[in-house]
Amino acid sequence: MSNNQQDAGVLAVLIDRLEHQRLPRALELQAKVDRGERLDEFDLAFLHEVFADSAQLKPLIDRHPEAQQLVAKMIGLYSEITAKGLANEKSA
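All of these numbers come straight from a predicted model, not from anything done at the bench.

## Some thoughts on the packing of aromatic side chains
Per the counting criterion, the structure on display carries two aromatic pairs. An angle of 75° between the planes, with centres 6.2 Å apart, marks the rings of Phe 51 and Tyr 78 as edge-to-face. Residue Phe 51 is located in helix α2 (residues 41–63), and its partner Tyr 78 is located in helix α3 (residues 68–91); the two are separated by 27 residues in the primary sequence. With relative accessibility at 40%, the residue Phe 51 sits in the partly exposed group. Classification of Tyr 78 as buried rests on a relative accessible area of 5%. Aromatic ring contacts, followed pair by pair, group Phe 46, Phe 51 and Tyr 78 into a single cluster. One Lys or Arg, Arg 25, reaches over the ring of Phe 46 and ends 5.6 Å from the middle of that ring.

Next comes the structure, spelled out in structure tokens:
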């Protein structure tokens, strides 16, 4: 299998995971912090996992500029969640 085929397979799996797991969970967290609620240990563990995965996937994303816009949007969403989560924590 060539590197391009392997990358395409990995990207397909990542997009599926994004659609069915990561994005729905991120939207739940966004709604939670928008309501002024604090993030719990499970929420923080999820965010930690996402950030760790992102660091490992950076070389793949660097090789595929067509995926970079989607990644940038997700990073923006996670950034918003963490910023609001921190603000909620400080105001608690």
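## So, the nonpolar core
Grouped together as the largest cluster of nonpolar side chains are twelve residues: Leu 18, Ala 26, Leu 29, Val 33, Leu 39, Phe 46, Leu 47, Val 50, Met 74, Leu 77, Tyr 78 and Ile 81. Residue assignment for this core shows that the elements contributing at least two residues are α1 (3–34), α2 and α3. Discounting chain neighbours no more than four positions away, the residues touching Ile 81 are Ala 26, Leu 29, Gln 30, Val 33, Leu 39 and Leu 47. Counting five residues, the second-largest nonpolar core is a separate cluster that includes Leu 11, Leu 14, Leu 60 and Ile 61.

Conventions adopted
- Residues numbered from 1 in each chain as written.
- Predicted model: local features only at pLDDT ≥ 70, side-chain atom pairs only at ≥ 80, totals over all residues.
- Heavy atoms only, no water.
- Phe/Tyr/Trp six-rings, centres within 6.5 Å; stacked < 30°, edge-to-face > 60°.
- Helix = DSSP H or I, 4+ residues; strand = E, 2+ residues; numbered from the N terminus.
- Buried < 20%, exposed > 50% of the residue type's maximum accessible area, 1.4 Å probe, protein only.
- Lys NZ or Arg CZ within 6 Å of the ring centre and 35° of its normal.
- Core = buried A, V, L, I, M, F, W, Y, C linked by side-chain atoms within 4.5 Å.
- Contact = heavy atoms within 4.5 Å.

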